[in-house]
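Topology and contacts: notes
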Amino acid sequence: MQLDQPERGFSFREAGPLNMRMGVSADGEELTADEIVNRWQEKELADLLYREADEHDSRRIARAIVRARPIRDTAHLATVVAGSRMQWGRQRLHPATKTFLALRIAVNREMEEWAVSLSGPRPQ
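As the structure is a prediction and not an experimental result, all values here were calculated from the model.

Structurally, Ala64 is set in helix α3 (residues 58–68). On a C-alpha basis, the gap between Ala64 and Gly83 in space is 8.3 Å, while along the polypeptide they are 19 residues apart. With sequence-adjacent residues up to four places away left out, Ala64 is seen in contact with Val80 and Ser84.

Okay, structure coming up:
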């Protein structure tokens, strides 16, 4: 499964490339997490984190990511995000969980895929 393979870039537990693509394509035209994290404007990045993962610290996280550029790998990204998050008591999730979720959703265009599958042909 792709989520268990560090080279696919989904895990913040091990250093891996900022890829996060579910499929493997050789055309090089697909969006990667590296492009989002290292090239997008701070506002675009913050908006993505808030919209796709309901990340309430989105502005703070985006600012930290932009300041830490270039982000080298998933472990580096997780460290930057964890250092920028507000801590409220005991945390059940890793501080970078929502950030990784938002990036994965954007890279794989998951919301677009859901919309297409939900609006598919209807039985008559």
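Moving on from the model shown.
Scanning all chains against the criterion turns up nine salt bridges. In this structure, Asp34 engages Arg39 in a salt bridge whose closest nitrogen and oxygen atoms are separated by 3.0 Å. Owing to a relative accessible area of 55%, Arg39 belongs among the exposed residues under this scheme. Note that Arg85 is salt-bridged to Glu55, the shortest N-O span being 3.5 Å. Placement of the pair is Arg85 in the loop between α4 (74–84) and α5 (97–107) and Glu55 in the loop between α2 (42–53) and α3, with a sequence separation of 30 residues. One continuous salt-bridge network, built from bridges that share partners, spans Glu55, Asp57, Arg60 and Arg85.

The rules behind these values
- Residues numbered from 1 in each chain as written.
- Predicted model: local features only at pLDDT ≥ 70, side-chain atom pairs only at ≥ 80, totals over all residues.
- Heavy atoms only, no water.
- Helix = DSSP H or I, 4+ residues; strand = E, 2+ residues; numbered from the N terminus.
- Contact = heavy atoms within 4.5 Å.
- Salt bridge = Lys/Arg side-chain N within 4 Å of Asp/Glu carboxyl O.
- Buried < 20%, exposed > 50% of the residue type's maximum accessible area, 1.4 Å probe, protein only.

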